[in-house]
Amino acid sequence: GTDSPDDVSVEVVWPDGSSRYLAILSVARANPLKQVYEVQDWWVDVATPVDADPDDLVSIEGGVTVRVVNQLFGDEYFAELLQGLALYDDALPQVTRVAGPDGSGPTSAAVPMSTSSELTISIM
């Protein structure tokens, strides 16, 4: 366990292998009554990355893996959330939900090919 931002690192990794460490804003144990070294939930607040030059050809947009390391246990032990975060350009319209007759989802919906179906696309 830890209560210090200095003991934690959070890294986002893009599918091409490039990565960036995030600024840790705070770290807190979900249940401060538990002993520090007990297995437990803890919260880590970070600042997400910002594209320093959105007009260049290098974009940070897309799905990234989030890797959290408790430095007290070493870099080889980490929690990883695969494709856990999707970065997007908020200056452009984004599809937020797609709904069809057989269900809905944030980016896709199942529709039968045998008949014409109504499809609802929500855009932010």
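In this report, the structure presented in the accompanying data block is examined. (Residues numbered from 1 in each chain as written. Predicted model: local features only at pLDDT ≥ 70, side-chain atom pairs only at ≥ 80, totals over all residues. Heavy atoms only, no water.)

## A look at the side chain of Arg29
Here is step 1 of the chain: Secondary-structure assignment places Arg29 in strand S3 (residues 23-29).
Here is step 2 of the chain: A distance of 3.5 Å separates a polar atom in the side chain of Arg29 from the backbone oxygen of Pro32. (Helix = DSSP H or I, 4+ residues; strand = E, 2+ residues; numbered from the N terminus. Polar contact = N/O pair within 3.5 Å; in protein donor to acceptor, adjacent residues only side chain to side chain.)

## Looking at the sheet that holds strand S5 (residues 62-70)
Here is step 1 of the chain: Spatial ordering of the open sheet is given by S2-S1-S5-S6, a layout of four strands whose pairing is antiparallel. The open sheet has two free edges, formed respectively by strand S2 (19-21) and strand S6 (78-87), since each of these has just one partner strand. Across the sheet, the axes of successive neighbouring strands diverge by a mean angle of 25°, strand direction being ignored.
Here is step 2 of the chain: Bridge count for S5 against S6 is seven bridges, and the pairing is antiparallel. The partner of Val68 across the bridge, within S6, is Ala79. (Pairing = 2+ DSSP bridges. Axes fitted to C-alpha atoms, helices over the stretch in contact; angles between N-to-C directions.)

## Some words on the nonpolar core
Here is step 1 of the chain: Counting ten residues, the largest nonpolar core consists of Val8, Val10, Val12, Trp14, Leu22, Val27, Ile60, Val64, Val66 and Leu87.
Here is step 2 of the chain: Elements with a minimum of two residues in this core: strand S1 (8-13) and S5.
Here is step 3 of the chain: Ranked by residues supplied to this core, first place goes to S1 with three residues.
Here is step 4 of the chain: If we skip the residues at most four places from it in the chain, Ile60 touches Trp14, Arg20, Pro49, Val50, Asp51 and Leu87. (Core = buried A, V, L, I, M, F, W, Y, C linked by side-chain atoms within 4.5 Å. Buried < 20%, exposed > 50% of the residue type's maximum accessible area, 1.4 Å probe, protein only. Contact = heavy atoms within 4.5 Å.)

## Overview of the environment of Gln71
Here is step 1 of the chain: Tracing the backbone shows Gln71 in the loop between S5 and S6.
Here is step 2 of the chain: Relative accessible area serves as the criterion here: at 32%, Gln71 is assigned to the partly exposed category.
Here is step 3 of the chain: Each C-alpha atom of the pair Gln71 and Leu25 lies 16 Å from the other, and the pair is 46 residues apart in sequence.
Here is step 4 of the chain: The residues touching Gln71, leaving out its near neighbours within four places in the chain, are Asp7, Val8 and Ser9.

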